[in-house]
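As a plain string of letters, each chain reads:
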Amino acid sequence: MKHYADRGYAKYDKAIAHSISFLTPRPITQMNMPADLKGPERTSLIEAMDVGIKSGFHFPLRSPGQFKIAGMTVANGMKASEFSRLMAERRMQIHLAIQYAHTRMQAHFAAEYSAPLA
């Protein structure tokens with residue numbers, strides 16, 4: 001996340017805008033690189049593709065913790081059509097599991113970083 005924040009990618013990340021405005025998952029299809037894309041916007045897409053985010057779903061998250069609005073992207077090696085079928089069948093269960101994982105991670109990090117340093 002530090003790498004992402006240091007480079008200011010949040011300004012170019014469509015998933016953030018979606019997380020602020022919606023509660024439903026957003027499909028991520030094969031990322032196409034527009035020819036006129038330049039600078040950090042281009043670099044952020046290249047880096048996302050390098051770590052395997054080519055298709056999947058982005059899930060907006062809400063929580064009472066420090067980060068009230070967040071999101072988590074789920075991507076894998078399945079064909080986009082297979083993953084879309086899985087999402088059609090299990091979207092709510094997957095979203096609930098992601099929300100639970102996010103809530104647990106926030107609790108863990110809050111406890112870890114609020115503990116006195118030895």
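Each chain has its residues counted from 1, running along the sequence as written. pLDDT decides what is reported in this predicted model: residues at 70 or higher carry local features, side-chain atom pairs at 80 or more are listed and counted, and totals for whole chains, interfaces and linings draw on all residues regardless. By convention in this description, side-chain values take in all heavy atoms of the structure and omit both hydrogens and water.

Peer 1: Sorry if this is basic, but what is going on with the side chain of Ser19 here?
Peer 2: Here a strand is any run of E in DSSP of at least two residues, a helix any run of H or I of at least four, and the numbering for each starts at the N terminus. One can find Ser19 in helix H2 (residues 14–21). Looking at Ser19, its side chain comes within polar contact range of the side chain of His58, at 2.8 Å. Working rule for contacts: check all heavy atoms of both residues, and any pair within 4.5 Å makes them a contact. Sequence-distant contacts of Ser19, defined by excluding residues within four places in its chain, comprise His58, Pro60, Arg62, Ile69, Ala70 and Gly71. Under this definition, polar contacts are N or O atom pairs within 3.5 Å; protein pairs additionally need one hydrogen-donor-capable and one acceptor-capable atom, and for neighbouring residues in sequence, both atoms have to be side-chain atoms.

Peer 1: Explain the sheet that holds strand E1 (residues 26–28) to me, please; I cannot follow it from the model alone.
Peer 2: By way of backbone hydrogen bonds, the strands of a sheet pair with one another, either parallel or antiparallel. Taken in spatial order, the three strands line up as E1-E2-E3 in an open sheet, and their pairing is antiparallel. Edge positions in the open sheet fall to E1 and strand E3 (69–75), since each of these has one partner strand only. Averaged over all adjacent pairs, the angle separating strand axes in this sheet is 30°, with direction ignored. As judged from the three bridges shared by E1 and strand E2 (residues 56–62), these two strands associate in the antiparallel manner. Each residue of the ladder has a partner; that of Pro27, found in E2, is Phe57. Every angle, taken between N-to-C directions, lies between 0 and 180 degrees, and every axis is a line fitted to C-alpha atoms, over only the stretch in contact when it is a helix. Along the sheet face, H2 touches E1, E2 and E3 and points at about 45° away from the line of E2. By definition, two strands form a pair when at least two bridges between them are found by DSSP.

Peer 1: Any chance you could explain helix H3 (residues 39–50) here in plain terms?
Peer 2: The α-helix advances 3.6 residues per turn, and as a result positions three or four apart in sequence lie on the same side. What a helix should span is 1.5 Å times the count of its residues minus one. In this model, H3 (12 residues) spans 17 Å end to end at C-alpha, consistent with the 16 Å of a helix rising 1.5 Å per residue. Among all positions in H3, only Ser44, Ala48 and Met49 are buried. Axial view of H3: buried residues confined to an arc of 135°, hence all on one face. Following H3 by one or two positions, Gly52 adopts a phi angle in the positive range, close to 100°. In this scheme, a residue with accessible area under 20% of its type's maximum is buried, one over 50% is exposed, and one in between is partly exposed, where area comes from a 1.4 Å probe on protein chains only. What the arc describes is the spread of directions from the helix axis to the C-beta atoms.

Peer 1: Would you mind showing me how to read the packing of aromatic side chains here?
Peer 2: Ring pairs (aromatic) are described by centroid distance and by the angle formed between their planes. A pair of Phe, Tyr and Trp rings is counted when the ring centres sit within 6.5 Å of each other, with Trp represented by its six-membered ring. The angle between the planes then sorts it: under 30 degrees is stacked, over 60 is edge-to-face, the rest tilted. Across all of its chains, the model carries one aromatic pair by this definition. Geometrically, the ring pair formed by Phe57 and Phe83 is tilted, given 5.7 Å between the ring centres and 55° between the ring planes. One end of the pair, Phe57, is in strand E2; the other, Phe83, is in helix H4 (residues 80–114), with 26 residues separating them in the sequence. Residue Phe57 shares its accessibility class with Phe83, and that shared class is buried.

Peer 1: Teacher, can you tell me more about the nonpolar core here?
Peer 2: Soluble globular proteins: nonpolar side chains tend toward being buried together. Throughout this description, the term nonpolar core refers to a set of buried Ala, Val, Leu, Ile, Met, Phe, Trp, Tyr and Cys residues connected via side-chain atoms within 4.5 Å. One finds Phe57, Phe59, Leu61, Ala70, Phe83, Met87 and Ile98 forming the largest nonpolar core, which totals seven residues. At the level of secondary structure, the elements contributing two or more residues to this core comprise E2 and H4. Residues in contact with Met87, not counting those within four places in the same chain, are Phe57, Phe59 and Ile94.

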